[in-house]
Amino acid sequence: MRDVLKSRLTIVIALLSASLGIISCSLPRQDVLSDLAQYTYLPAYGQWLESNVTLTDHTKQFCQTPTDTSAQSSKAIERLRNAFYSAQSQWSLMQPLLVGPMSEGNKSWQVQFYPDKRNLVARQTETLLDKMPTLTPQQLSEESVVVQGLTAFEYILFDESIDLAQPSKKKRYCPLLMAIAEHQRALTEDLQQQWLTPTSGMAAQLSQFPNDRYLDQNEALADALLIQISAIDNLKKKLGAPLGRLSRGAPQPYLSEAWRSGRSLSNMLATLNGAREIWTGSNGQLGVRSLINDRELSHKIDQAYDVTQAQLKGFQQPLFQLVTQSDTSALDALYESFDALHRIHHNELAQSLNIQIGFNAADGD
Amino acid sequence: MTVSRRTFLGLSGAIAGAGMIGGWAFWQQRQHRPLILSARNDQSGQHYAAGFYLDGRCAFQTPVATRCHDITRHPFLPIALFVGRRPSTESYLIDLRDGRLLQTLRSQTNRHFYGHAIFDASGDWLFSTENDTRYPGKGVISAYRFDGAQLLPHHEFPSYGIGPHQLAWMPDGNTIVVANGGIRTEADSRKEMNLNAMEPSLVLVSRDGRLLSKETLPEQQSSIRHLNVAADGTIVTGQQFMGDAYKEVPLLAIKRPHQPFTTFPVSHRALSEMRHYTASISINSELRQLAITAPRGNRFYIWNLNNAELLLDVNVPDCAGVGAVKNGFVVTSGQGKCRLFTSIGATAEHQPTSKALTLPAGLWDNHLIC
């Protein structure tokens, strides 16, 4: 499976490179978008699919292999958790890269149900398994998005009320674990196909204009930046909600994005890394930074990423615990950094590129 | 006093004179070229009342103090009111020949505009949806008399609902259809106060303020916001859902003549693409086609109004206003280029075609008239 994916990617990158070669006088923005498509978006979508393939494999292995001892169970659960961390982290990295097909319809909800203000994931998971103890992936695809994604998977894998080492629990929850993993694999495989399709695929639509999606490179760049900036804005919400900034200061630890797995902050770091790849480009290829002549602004943005990444790496405890401590100054400082990063992108970067970021979509009537 | 061209030219000293009459004739000759009227911003945040011809030439861009929303044009004089977006207390009467600001219309004490208004067919009266801020959300329709130069507040009557938004004339010219959004907001605020107790409704009211009918939809958190009326009296409304973001709910509704108000059939795919938000609605009565913009989903749609067949579902970044033109629709964008869709004779198999317009890209508000 992975070999097939890699060879597909190689062929498409080669085709895109060849088509670019024909356009000898292409525009800087078009070059940046094309490089981002080839070296940032496509590889990231490939890695995301790969992480879901791994999750599917590990889930099958866990569910289909009897575990005789508690040590074996613990190891098997640990392997599955690691596969989950990887899929969850890759999904977090994808947030700023969800331009195009993934941002259409309700697909994001199918991957993650957040925020879950009323604990719907736990309630609907239990109700679903009571109703359909032998759930299949096909049946899951017709159920609510609440139970289709990684949040329900996380609930089963990490909630204190569920001990998967017990055979009865494993028997109850495995059909849903396998169905979710398969749903995620199928969804990301379909997405990758939508990116790779020659001429009408998303990678091609970021490389040659006009096309069915964008009339010119300015529309495409605005769309790519809108998604990237929205992801940074969402970081503010993902931190602000548990910190109580949206609820008159009262901490809301259960509004942490991945409170059950304790990975909220590392997921934020993954999102930030994804956003930075749009800015810098990947592996020495062009990114948005190459379009900015204002050195001071470029430096300011680089520095804002450096500071925020360093802050995120400095936390030793899960966000769930940190928000309830008396001293939240480090989290407050992180929030300010997210806010600063968002403002620099939304105002200064967009203005420097003469791009409007969501006028009616963000503030209609 | 009945307003005529002579009255208008006579009363408006600033635009009287031979040169202006020449301008009037020139303006009239331009009528074969649609003049698009819309509110716009520039990158610095300055608001404008804008008029552009479809070929991209700027007729005027008049700076105004507050952001406007919809526009209503006088039935026969070259003037239009650019209506202040909620909670604005100002609207702007503009001379379409040169963009001159003729009047800043201020709402009365304890009132603000909701962004929509309509001139009547005589040109003597203008009706506007407004908020009675003493009882936040209580909808009123304010009537203004046009004396040939100025709009003067005259009287008001209830919208028979909360948070009225767009309104339009029914074909009889005596009945007004009002979309009551159902959301309470206070003066100077856009913050919703009653998301768990919304009361959206579609109301038909006579021009003298008598309630003729009031209908609702099953989805209590779907704010009935925008509407358009076909030549045969068919009303189509667009909703904005204020409930849980992951839920799928209908977003378009229709009231055909002598029929109850009911859901307009839209595919699951289109509903999920719209992201709970429809913006502008236009009906091309000659083509019997319905078009809507969904800026949060970056989607533009055209349906056959007779049989609800989907004719077009296409990406338009931050699509904003839509207006019917000969053979199709023109669409503006808050973020990208404006487009002209030719949809005459279109079917699901032979979809409408589009071309980019040379109008300025981006920063167009959610409504246009042409």
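The rules behind the values
Residues numbered from 1 in each chain as written. Chains lettered and ligands numbered in written order. Predicted model: local features only at pLDDT ≥ 70, side-chain atom pairs only at ≥ 80, totals over all residues. Heavy atoms only, no water. Domains from an automatic or database assignment. Contact = heavy atoms within 4.5 Å. Buried area = accessible area lost by both parts, 1.4 Å probe. Helix = DSSP H or I, 4+ residues; strand = E, 2+ residues; numbered from the N terminus. Expected span 1.5 Å × (residues − 1). Buried < 20%, exposed > 50% of the residue type's maximum accessible area, 1.4 Å probe, protein only. Arc of directions from axis to C-beta. Polar contact = N/O pair within 3.5 Å; in protein donor to acceptor, adjacent residues only side chain to side chain. Axes fitted to C-alpha atoms, helices over the stretch in contact; angles between N-to-C directions. Parallel < 35°, antiparallel > 145°, perpendicular 65-115°, else oblique. Left-handed = near helix turned anticlockwise from the far one by under 90°. Nonpolar A, V, L, I, M, F, W, Y, C, P; charged D, E, K, R; others polar. Pairing = 2+ DSSP bridges. Salt bridge = Lys/Arg side-chain N within 4 Å of Asp/Glu carboxyl O.

Participant: Talk me through the domain arrangement of chain A; I want residue IDs and the actual numbers.
Facilitator: All names here are of chain A. Split by domain assignment, chain A resolves into domain 1 (2–205) and domain 2 (217–352). On a C-alpha basis, the centroid separation for the pair domain 1 and domain 2 is 22 Å. Listed as interface residues are 33 residues of domain 1 and, on the opposing side, 34 residues of domain 2. Around 3,000 Å² of area is buried between domain 1 and domain 2 when both sides are counted, 62% of it from carbon and sulfur atoms. Contact with domain 2 buries area across many residues of domain 1, yet Arg 29, Pro 96 and Tyr 114 alone supply 21% of it, more than any other trio.

Participant: Provide a residue-level description of helix H12 (residues 295–313) of chain A, including the pertinent values.
Facilitator: Residue and element names in this part refer to chain A. Compared with the 27 Å implied by 1.5 Å per residue over 19 residues, the 27 Å span of H12 between its first and last C-alpha is a close match. Among all positions in H12, only Leu 297, Ser 298, Ile 301, Asp 302, Ala 304, Tyr 305, Thr 308, Gln 309 and Leu 312 are buried. When H12 is viewed along its axis, its buried side chains cluster within an angular range of 155° and face the same direction. Facing away from the buried side of H12 by over 90 degrees, the exposed positions are Arg 295 and Glu 296. Residues of H12 that are buried sit in contact with helix H10 (217–243), helix H11 (264–280) and helix H14 (329–352). In this structure Asp 294 caps H12, since a side-chain oxygen of it lies 3.0 Å from the backbone nitrogen of Glu 296.

Participant: Which residues make up the packing of H11 of chain A against H12 of chain A, and what are the values?
Facilitator: Residues and elements named next belong to chain A. The interhelical angle for the contact between H11 and H12, taken along N-to-C directions, is 160°, at an axis separation of 10 Å. Considering the angle they form, H11 stands roughly antiparallel to H12. The handedness of the crossing between H11 and H12 is left-handed. Residues Leu 265, Met 268, Leu 269, Leu 272, Asn 273, Ala 275, Arg 276 and Trp 279 of H11 form the contact with H12, whose participating residues are Ser 298, Ile 301, Asp 302, Tyr 305, Asp 306, Thr 308, Gln 309, Leu 312 and Lys 313. Taken together, the residues of the contact of H11 with H12 break down into nine nonpolar, four polar and four charged.

Participant: Report on the sheet that holds strand E6 (residues 90–95) of chain B, specifying residues and quantitative values.
Facilitator: Note on sheets: strands pair through backbone hydrogen bonds, and any given pair is parallel or antiparallel. All names here are of chain B. What the four strands build is an open sheet, ordered E4-E5-E6-E7; its pairing is antiparallel. Strands at the two margins of the open sheet, each flanked by one partner only, are strand E4 (68–73) and strand E7 (101–106). In this sheet, neighbouring strand axes are inclined to one another by 20° on average, regardless of whether the strands run parallel or antiparallel. Pairing of E6 with E7, which is carried by five bridges, proceeds in the antiparallel orientation. Bridge pairing in E7 links Ser 91 to Leu 105.

Participant: Account for H10 of chain A, with residues named and values stated.
Facilitator: All names here are of chain A. Compared with the 39 Å implied by 1.5 Å per residue over 27 residues, the 39 Å span of H10 between its first and last C-alpha is a close match. Residue Asp 216 occupies the N-cap position of H10, its side-chain oxygen lying 3.1 Å from the main-chain nitrogen of Asn 218. Where H10 ends, the next residue or the one after it, Gly 244, has phi of about 90°, a positive value.

Participant: Please set out the interface of chain B and chain A residue by residue, giving values where relevant.
Facilitator: For interface size, the figure often reported is the accessible area lost on association. Across the boundary between the two partners, chain B contributes 38 residues, which contact 30 residues of chain A. Between chain B and chain A, the buried area comes to about 2,800 Å², and carbon and sulfur atoms account for 43% of it. Counting the surface chain B buries against chain A, the share from its top three residues, Gln 43, Tyr 246 and Gln 335 of chain B, is 27%. Applying the counting criterion to the chain B and chain A interface returns seven salt bridges. Note that Lys 337 of chain B and Asp 216 of chain A form a salt bridge whose closest N and O atoms lie 3.5 Å from each other. There are 14 residue pairs in polar contact (both at pLDDT 80 or more) connecting chain B and chain A. When contributions to the side of chain B that touches chain A are tallied by element, the ones reaching two or more residues are strand E16 (222–229), helix H3 (268–274), strand E23 (310–315) and strand E28 (364–369) of chain B. Of the residues in the side of chain B that touches chain A, the class split is eleven nonpolar, 13 polar and 14 charged.

Participant: Which residues make up the sheet that holds strand E24 (residues 319–325) of chain B, and what values go with them?
Facilitator: All names here are of chain B. Taken in spatial order, the four strands of this open sheet run E24-E25-E26-E27, and their pairing is antiparallel. Two strands bound the open sheet, and with one partner strand each, they are E24 and strand E27 (353–356). Neighbour-to-neighbour, the strand axes of this sheet turn through a mean angle of 20°, independent of strand direction. Pairing of strand E26 (residues 339–342) with E27 involves four bridges; the strand directions are antiparallel. The residue bridging Leu 340 from the neighbouring strand is Lys 355, located in E27.

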